[in-house]
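Coordinates in review
Listed here are the chains, written in short residue letters.
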Amino acid sequence: MTEETAVPMADATGVRDAVTVNMPADSAYLSVLRTATAGLAARLDFTLDEIEDLRIGVDEACAMLLSQALPGTELTTEFELTPDGMRISVSVLTADGRLPARDTFAWTVLSALAGDVDSGVASDDRVYIVLYKRRGTLEPA
């Protein structure tokens, strides 16, 4: 596993931090990713409920991608921390570049937990899921 932290850079929205985690595309390593997600979300002062939603959301996104990962490849997760939230992109190299189905229960759960969710395919058949969670996005009851 490798971890790289970029030097904070000023952009149009303020200070930005970026963290990339590369690890084997194997579910045995997902606990490391859940822990990294929780630690970074805590750094942004997310509530405990928001942190747990992100942990479960990242786990769900990884489960969707790992089912089609090529053996021996890496799962790459990029975290971008902004003043108002966190963007998480999870990607894996696949054989056919098949997008995750959006009409499934798993996608519905992912969307409910993470806020904004999207997916795509890069030119090398790398499939990715992007989550964007803003702090305090829960509606009052």
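The protein chain has the name Anti-sigma factor in an unreviewed UniProt entry, where Nocardiopsis alba is given as its organism.

1. Here we look at the side chain of threonine 82
Secondary-structure assignment places threonine 82 in strand β4 (residues 74-82). Given a relative accessible area of 9%, threonine 82 falls into the buried group. Within the structure, the side chain of threonine 82 is placed 2.9 Å from the side chain of aspartate 84, a separation counted as a polar contact. Within the structure, threonine 82 has its side chain in polar contact with the side chain of tyrosine 132 (distance 3.2 Å).

2. Examining the packing of helix α1 (residues 30-43) against helix α2 (residues 48-66)
Where α1 meets α2, the axes come as close as 9 Å, and the angle between the chain directions of the two elements is 145 degrees. At the point where α1 passes α2, the crossing takes the right-handed sense. Residues Leu30, Leu33, Arg34, Thr35, Thr37, Ala38, Ala41 and Ala42 of α1 form the contact with α2, whose participating residues are Ile51, Leu54, Arg55, Val58, Asp59, Cys62 and Leu66. Considered class by class, the residues forming the contact of α1 with α2 number 10 nonpolar, 2 polar and 3 charged.

3. Observations regarding helix α3 (residues 105-114)
Buried within α3 are the following residues: Trp107, Leu110, Leu113 and Ala114. Taken end-on, α3 shows its buried residues confined to a sector of 130 degrees, consistent with a single buried face. For α3, exposure combined with an orientation more than 90 degrees from the buried face picks out Phe105 and Ala112. Turning to α3, the residues buried within the fold contact α2, β6 (116-121) and β7 (126-134). Immediately beyond the C-terminal end of α3, within one or two residues, lies glycine 115, with a positive phi of roughly 90 degrees.

4. Observations concerning the environment of tyrosine 128
Relative to the elements of secondary structure, tyrosine 128 occurs in strand β7. On a C-alpha basis, the gap between tyrosine 128 and valine 90 in space is 5.4 Å, while along the polypeptide they are 38 residues apart. When neighbours within four sequence positions are excluded, tyrosine 128 is seen to be in contact with Ser89, Val90, Ser91, Asp118, Ser119, Gly120, Val121 and Ala122.

Procedures and definitions
- Residues numbered from 1 in each chain as written.
- Predicted model: local features only at pLDDT ≥ 70, side-chain atom pairs only at ≥ 80, totals over all residues.
- Heavy atoms only, no water.
- Helix = DSSP H or I, 4+ residues; strand = E, 2+ residues; numbered from the N terminus.
- Buried < 20%, exposed > 50% of the residue type's maximum accessible area, 1.4 Å probe, protein only.
- Polar contact = N/O pair within 3.5 Å; in protein donor to acceptor, adjacent residues only side chain to side chain.
- Axes fitted to C-alpha atoms, helices over the stretch in contact; angles between N-to-C directions.
- Left-handed = near helix turned anticlockwise from the far one by under 90°.
- Contact = heavy atoms within 4.5 Å.
- Nonpolar A, V, L, I, M, F, W, Y, C, P; charged D, E, K, R; others polar.
- Arc of directions from axis to C-beta.

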